[in-house]
Amino acid sequence: TKLQARLQRASESESRSAISIEVWVDDQIAIRQEIAPEEELLDLEVPIAPEKKIKLVMASKSALNLGTRVLWREPRLSK
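Here goes a summary of the coordinates provided. (Residues numbered from 1 in each chain as written. Predicted model: local features only at pLDDT ≥ 70, side-chain atom pairs only at ≥ 80, totals over all residues. Heavy atoms only, no water.)

1. Here's the deal with the overall build of the protein chain
Phase 1: Within the protein chain, the secondary structure is distributed over zero helices and six strands.
Phase 2: Element order for the protein chain, N to C, with α for helix and β for strand: β-β-β-β-β-β.
Phase 3: Counting the 79 residues in the protein chain, one finds 27% classified as buried.
Phase 4: Considering only residue pairs separated by 6 or more positions, the protein chain has 68% of its internal contacts joining residues 24 or more positions apart.
Phase 5: For the protein chain, the accessible surface area stands at approximately 5,500 Å², while carbon and sulfur atoms represent 47% of it.
Phase 6: In the protein chain, 13 positive and 13 negative side-chain charges are present, and the distance between their average locations comes to 4 Å. (Helix = DSSP H or I, 4+ residues; strand = E, 2+ residues; numbered from the N terminus. Buried < 20%, exposed > 50% of the residue type's maximum accessible area, 1.4 Å probe, protein only. Contact = heavy atoms within 4.5 Å. Areas by Shrake-Rupley, 256 points an atom, 1.4 Å probe, with all protein chains shown as cover. Lys, Arg positive; Asp, Glu negative; His and termini not counted. Charge placed at Lys NZ, Arg CZ, Asp CG, Glu CD.)

This is the structure:
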């Protein structure tokens, strides 16, 4: 089983900060990736065992949080 999604940065701001993306499966980080300020998209594919709790975490180290809104496009679980 796997989680697949495309993350797209919203184009509301000309200034941008890096965005950290984490996918947790139960109490462990399954994947940690970053969308750099100059990047628009990030494709995720994360293996997930059945019957597990999934948590999606997004954060920015920037105090201003400029351009950090992200759209989760077509998130899906598949076997």
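2. Quick word on the sheet that holds strand E2 (residues 19-25)
Phase 1: Strand order across the open sheet formed by three strands is E3-E2-E5, with antiparallel pairing between neighbours. Both edges of this open sheet fall to strand E3 (28-35) and strand E5 (54-59), since each of them pairs with a single strand only. When strand polarity is set aside, the average angle formed by the axes of neighbouring strands in this sheet is 15°.
Phase 2: Across six bridges, E2 lies against E5 in antiparallel orientation. Residue Ser 20 lies in a different strand from E5, and its bridge partner there is Ala 59. (Pairing = 2+ DSSP bridges. Axes fitted to C-alpha atoms, helices over the stretch in contact; angles between N-to-C directions.)

3. Let's talk about the nonpolar core
Phase 1: If you look at the biggest cluster of nonpolar residues, it comprises 14 residues, and the most contacted ones within it are Leu 7, Ile 21, Val 23, Ile 35, Leu 42, Leu 44 and Val 46.
Phase 2: Sorting elements by how many residues they give to this core places E2 first, with four residues.
Phase 3: Each residue touching Val 46, except ones within four places of it in the same chain, is listed here: Thr 1, Lys 2, Leu 3, Val 23, Ala 30 and Ile 31. (Core = buried A, V, L, I, M, F, W, Y, C linked by side-chain atoms within 4.5 Å.)

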